[in-house]
Amino acid sequence: MKCDNLKYLPFAVIIALAGLEQSCQSDARTSTRIPPVIKKGKAQWQNDALLSLTDLINRGIDSDVNYFKRARIYFEREQYSEALDDINESIYEQDNVSEYFLLRGKINRELGKIDNALEDAQRAEALQQSSPELYVLLADILQAKNRFGEAAGYLNQALRMAPYDGSAYYVKGMLQAKQGDSLASLSSLNYAMNVNPRLLRAYEQGTMINLKLKNTAEALAINERALKRFPERASLFFGRGEILNALAQPDTALIFYQKAVAIQPDYEEALNQLATVAMQLRAYPQAIPALKTLLRKKPKSKEINNMLGYAYEKSGELDVAKTYYETALTIAPGDQDARYGMYRIRKIESEGLYPSYYPEENTTPGYKLLDTARVKINIIQPRGTTNIRVDSSRKAKIE
């Protein structure tokens with residue numbers, strides 16, 4: 001609006017227009033308008049945070065810190081390989097930050113790299129880290145290495161600082177179990193599961209201890225709870241198979257062993273149980289793939305070679321079976337199982353090569369008629385009788 005025309009407007013309108021124009025200029029200059037607040041779930045927040053952190057890392061802004069933050073998100077998502085890659089980058093750029101070593105120790109613990117986890121935890125402690133999280137990690141690693149006295153010392157420190165920490169009670173339960181106090185161990189593990197429902201190892205150990213105590217109903221209940229939270233964990237399907245096997249349901253247990261192997265193809269315990277149960281059920285075609293995987297891990301095992309030989313023998317593939325029996329005999333020349341296997345195969349292969357002594361009498365397979373002209377039969381004579389007379393004093397006399 002031109003200034004010349006303002007004189008024809010009422011004074012109040014002019015003041016209002018001036019305020020509106022100033023407000024619009026302020027908004028355009030500072031962009032202070034607030035968008036509506038949108039509530040996000042944890043998964044969506046993590047996705048957005050990962051995108052933002054990746055962008056900052058690519059631009060080289062605070063790389064070590066942002067790698068650490070991204071590693072922490074990966075760790076919470078149980079993407080341990082990605083978390084390890086990122087925390088290694090953080091430590092490469094800054095090798096004197098205790099939080100970095102603490103996180104790497106926790107990642108290595110989850111990956112089963114116990115020695116690496118202990119080295120990282122001790123480095124974090126040397127860098128003046130003194131959190132209950134570190135002490136729980138150290139106690140957990142040391143109990144896994146059967147160094148119970150040191151583990152108990154760190155656990156007591158952790159419980160003084162955080163008396164209700166679920167992870168600390170998991171370690172306490174493990175120490176109690178290894179010292180033979182199963183009931184106290186189950187109490188501690190149940191507390192750990194209730195306080196920290198994402199603590200997978202607590203479910204696994206609770207299931208195993210209940211199985212050893214023959215509390216199959218309680219073991220099954222814990223396993224069901226765990227599978228609802230971790231539906232893609234091979235160890236939980238293996239645990240369900242163990243429970244069903246203890247309940248004398250091997251055919252159903254076999255299904256769960258197969259699920260465990262499908263998720264984690266190199267799961268040795270599940271492969272062993274899958275092969276063993278399949279052989280017991282005479283489901284030899286299902287046992288063979290598991291046995292072959294085990295043989296790749298242990299090519300010098302006479303037991304696995306013998307099991308494969310037997311499975312192929314029962315499947316009718318005698319030539320293949322012989323190769324495995326021969327390998328077992330090469331590994332252990334005196335092995336009886338392999339020798340008996342070769343004997344059975346030779347016996348099958350030699351059937352029909354030699355004619356019967358009485359060819360006209362082979363009308364019924366497996367039976368031969370007796371030639372009475374060649375064989376003398378002695379009639380069995382009845383034995384003599386013994387009369388027993390009982391006297392008045394109940395003593396027996398034998399005549």
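Owing to the predicted nature of the structure, the values given are computational and were not obtained by experimental measurement.

**Q** In this structure, what is going on with the overall build of the chain? I would like to understand it.
**A** Secondary structure summary: the chain contains 19 helices and two strands in total. Classification of the 399 residues of the chain by burial places 35% in the buried group. If you take every contact in the chain between residues at least 6 apart in sequence, the share linking residues at least 24 apart comes to 45%.

**Q** Is there a simple way to think about the environment of Y169 in this case?
**A** Mapped onto the elements of the fold, Y169 is located in helix α9 (residues 166-178). Residues Y169 and L155 lie 14 residues apart in sequence; the distance between their C-alpha atoms is 8.9 Å.

**Q** So what exactly am I meant to see when it comes to the UniProt feature "repeat: TPR" (unreviewed entry) in the chain here?
**A** According to UniProt, the positions carrying the feature "repeat: TPR" (unreviewed entry) are residues 132-165, 234-267 and 302-335. Secondary structure content for residues 234-267 is 79% helix and 0% strand, and the end C-alpha separation is 8 Å. Helix makes up 79% of residues 302-335 and strand makes up 0%, while its end C-alpha atoms are separated by 8 Å.

**Q** Where do I start with a negative patch on the surface in this structure?
**A** On the surface, E82, D85, E89 and E93 cluster together into a negatively charged patch. Note that D85 resides in helix α4 (residues 80-93).

**Q** So what exactly am I meant to see when it comes to the nonpolar core here?
**A** In summary, soluble globular proteins display a tendency toward joint burial of nonpolar side chains. In this structure, I87, I107, Y170 and L308 are the most contacted members of the largest nonpolar core, which totals 95 residues. Here this core takes eight residues from helix α7 (residues 132-144), the largest share from any one element.

**Q** Would you explain the pattern of salt bridges in this entry?
**A** Note that side chains of opposite charge can pair when their charged atoms are close. For the structure shown, the criterion picks out 15 salt bridges. In this structure, R147 engages E150 in a salt bridge whose closest nitrogen and oxygen atoms are separated by 2.9 Å. Taking relative accessible area as the criterion, R147 reaches 30% and is therefore assigned partly exposed. Across the salt bridge formed by K302 and D335, the nearest N and O atoms sit 3.3 Å from each other. Of this pair, K302 sits in helix α17 (residues 302-314) while D335 sits in the loop between α18 (318-331) and α19 (336-350), placing them 33 residues apart in sequence. Using a relative accessible area of 29% as the deciding quantity, one classes K302 as partly exposed. Through salt bridges with shared partners, one network takes in R109, E110, D140 and R201.

**Q** When you look at unusual backbone geometry in this model, what are you seeing that I'm missing?
**A** The backbone of A248 shows a phi angle near 60 degrees, a positive value even though the residue is not glycine. The backbone of R282 sits at a positive phi, close to 60 degrees, despite the residue not being glycine. Tracing the sequence through the fold places R282 in the loop between α15 (268-280) and α16 (284-297). Assessed through its relative accessible area of 66%, R282 is described here as exposed.

**Q** Even after reading the chapter, I still don't get α19, so can you show me in this structure?
**A** Along its 15 residues, α19 runs 21 Å from first to last C-alpha, staying within 8% of the 21 Å computed at 1.5 Å per residue. Buried residues of α19: A338, G341, M342 and I345, and no others. An end-on view of α19 places all buried positions within 95 degrees of arc, on one side of the element. On the buried face of α19, the contacting elements are α17 and α18.

**Q** Which parts of the structure should I look at to understand the side chain of S63?
**A** As for its placement among the helices and strands, S63 is situated in helix α3 (residues 63-76). Residues in contact with S63, not counting those within four places in the same chain, are I57 and E93.

**Q** What should I look at first to understand the packing of helix α10 (residues 182-195) against helix α11 (residues 200-212) in this one?
**A** Packed helices, taken two at a time, are described by their axes: the angle between them and the distance between them. As a packed pair, α10 and α11 sit with axes 9 Å apart at the nearest point and diverge in direction by 150 degrees. The angle between the axes of α10 and α11 places the two elements in the roughly antiparallel class. Judged by the sense of rotation from one axis to the other, the crossing of α10 with α11 is left-handed. Between α10 and α11, the residues in contact are S182, S185, L186, L189, A192 and M193 and A202, Y203, Q205, G206, I209 and N210, respectively.

Cut-off values and rules
- Residues numbered from 1 in each chain as written.
- Predicted model: local features only at pLDDT ≥ 70, side-chain atom pairs only at ≥ 80, totals over all residues.
- Heavy atoms only, no water.
- Helix = DSSP H or I, 4+ residues; strand = E, 2+ residues; numbered from the N terminus.
- Buried < 20%, exposed > 50% of the residue type's maximum accessible area, 1.4 Å probe, protein only.
- Contact = heavy atoms within 4.5 Å.
- UniProt positions renumbered as here; feature names shortened; annotations may be inferred.
- Patch = residues over 30% accessible without salt bridge, like charges linked within 9 Å, V, L, I, M, F, W, Y side chains within 5 Å.
- Areas by Shrake-Rupley, 256 points an atom, 1.4 Å probe, with all protein chains shown as cover.
- Salt bridge = Lys/Arg side-chain N within 4 Å of Asp/Glu carboxyl O.
- Lys, Arg positive; Asp, Glu negative; His and termini not counted.
- Charge placed at Lys NZ, Arg CZ, Asp CG, Glu CD.
- Core = buried A, V, L, I, M, F, W, Y, C linked by side-chain atoms within 4.5 Å.
- Expected span 1.5 Å × (residues − 1).
- Arc of directions from axis to C-beta.
- Axes fitted to C-alpha atoms, helices over the stretch in contact; angles between N-to-C directions.
- Parallel < 35°, antiparallel > 145°, perpendicular 65-115°, else oblique.
- Left-handed = near helix turned anticlockwise from the far one by under 90°.

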